[in-house]
Amino acid sequence: MIQTAIDQKVVAIMSYLSKNKWYVAKVLLTALEPDRIYIESALSQEKHPINIQLDQPVGVSFKYEYGKFVFDTTVMALEPSPDSRSSGRIALSKPGRIEVIQRRSYFRVNVPDSLKVNVVLWHRRGQNRPGSRADNMKYFDARLVDISAGGAQLLLDGGPENANEFKQGQFISLRFTPLPYETP
């Protein structure tokens, strides 16, 4: 994930304590080596100069796609930057682990692989006309992948040709039974 943040030039936030006050600085992760990560200031004129010391603990966080990635590390070295426009770079020890914080409003729960929850999904074909009959419906089989208070992810049977049956904003209906002994 760190290499992806470097490649995509994702701006990260580094937090640190200096003179008994907490500071944050926008930084770019610029290089990854086996034992260290290099960062540089993301702004040419940082509001407060980054005032850190060797062996000082720092926290780093960045957002990418649907997650926020957070890790703690320590300062290993303060070095000149290979880029002459930069004020320098900071070597941080490579973290032992990175935590991922969901950024969704509702937490998604994956359906266990051992539990196959089949879903029947349908929508009306064509225009919804008064007096239209049930044969105006088109049905599909699917499997429930995950679910949350805000939605569900389904795996649609039949391959990519069925994907063209649905449009953004279209009303659909679905029915499933979470456990075999429950009602739909």
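Keep in mind that what you see is a predicted model, and the values were worked out from it rather than measured.

Observations regarding the overall build of the chain
Here is step 1: Each helix and strand counted, the chain has 1 helix and 12 strands in total.
Here is step 2: Each helix and strand of the chain, ordered N terminal to C terminal, gives the series α-β-β-β-β-β-β-β-β-β-β-β-β.
Here is step 3: Counting over 184 residues, the chain shows a buried share of 28%.
Here is step 4: When contacts within the chain are restricted to residue pairs at least 6 apart in sequence, those whose partners lie at least 24 apart make up 52%.

Some details on the pattern of salt bridges
Here is step 1: By the definition in use, this model includes 6 salt bridges.
Here is step 2: Here E99 ties to R97 by a salt bridge, and the two come within 2.9 Å at their closest N and O atoms.
Here is step 3: Look at R97 and you get exposed, because its relative accessible area is 59%.
Here is step 4: Among the salt bridges present, the one from E165 reaches K138, with a minimum N-O distance of 2.9 Å. Within this pair, whereas E165 is found in the loop between β11 (151–156) and β12 (173–176), its partner K138 is found in strand β10 (residues 137–148), the two being separated by 27 residues in sequence.
Here is step 5: Ionic contacts of the salt-bridge type, sharing partners, join the residues D35, R36, E79 and R89 into one network.

Some remarks on the environment of G150
Here is step 1: Tracing the backbone through its elements, the reader meets G150 in the loop between β10 and β11.
Here is step 2: On the basis of relative accessible area, G150 is assigned to the exposed category, the value being 60%.

A few points about the pairing of strand β1 (residues 11–18)
Look at any regular strand and the pattern is simple: side chains alternate between the two faces of the sheet.
Here is step 1: Burial along β1 is one-sided: A12, M14, Y16 and S18 are buried, while V11, I13, S15 and L17, pointing the other way, are not.
Here is step 2: As defined by bridge partners, β1 adjoins strand β2 (residues 21–32) across 8 bridges and the pair is classed as antiparallel. Opposite I13, over in β2, you have K26 as the bridge partner.
Here is step 3: Hairpin geometry of β1 and β2 is characterised by an intervening segment of 2 residues between the two adjacent antiparallel strands and by a positive phi of about 50° at K19.
Here is step 4: Pairing analysis gives 3 bridges linking β1 to strand β4 (residues 57–64), with the strands arranged antiparallel. Along β4, the bridge assignment pairs I13 with S61.

Quick word on the nonpolar core
Buried together is how nonpolar side chains tend to be arranged in soluble globular proteins.
Here is step 1: M14, L29, I39, F62, I90 and L92 are the most contacted members of the largest nonpolar core, which totals 21 residues.
Here is step 2: Residue assignment for this core shows that the elements contributing at least two residues are α1 (2–7), β1, β2, β3 (36–41), β4, β5 (67–79) and β6 (89–93).
Here is step 3: What L29 contacts, discounting residues up to four positions off in sequence, is I2, I6, V10, A12, I37, Y38 and I39.
Here is step 4: Formed by 5 residues, the second largest nonpolar core is a distinct cluster that contains V111, V117, V119 and A142.

Digging into a nonpolar patch on the surface
Here is step 1: On the surface, a nonpolar cluster with roughly 280 Å² of combined accessible area is contributed by F107, V109 and I147.
Here is step 2: In this structure, F107 sits in the loop between β7 (99–102) and β8 (109–110).
Here is step 3: For F107, a relative accessible area of 59% puts it in the exposed group.

Some thoughts on the side chain of S18
Here is step 1: Checked against the element boundaries, S18 lands in strand β1.
Here is step 2: Given a relative accessible area of 9%, S18 falls into the buried group.
Here is step 3: Side chain to side chain, S18 and N51 meet in a polar contact 3.3 Å long.
Here is step 4: Beyond its immediate stretch of four places on either side in the chain, S18 contacts Y23 and N51.

Procedures and definitions
- Residues numbered from 1 in each chain as written.
- Predicted model: local features only at pLDDT ≥ 70, side-chain atom pairs only at ≥ 80, totals over all residues.
- Heavy atoms only, no water.
- Helix = DSSP H or I, 4+ residues; strand = E, 2+ residues; numbered from the N terminus.
- Buried < 20%, exposed > 50% of the residue type's maximum accessible area, 1.4 Å probe, protein only.
- Contact = heavy atoms within 4.5 Å.
- Salt bridge = Lys/Arg side-chain N within 4 Å of Asp/Glu carboxyl O.
- Pairing = 2+ DSSP bridges.
- Core = buried A, V, L, I, M, F, W, Y, C linked by side-chain atoms within 4.5 Å.
- Patch = residues over 30% accessible without salt bridge, like charges linked within 9 Å, V, L, I, M, F, W, Y side chains within 5 Å.
- Areas by Shrake-Rupley, 256 points an atom, 1.4 Å probe, with all protein chains shown as cover.
- Polar contact = N/O pair within 3.5 Å; in protein donor to acceptor, adjacent residues only side chain to side chain.

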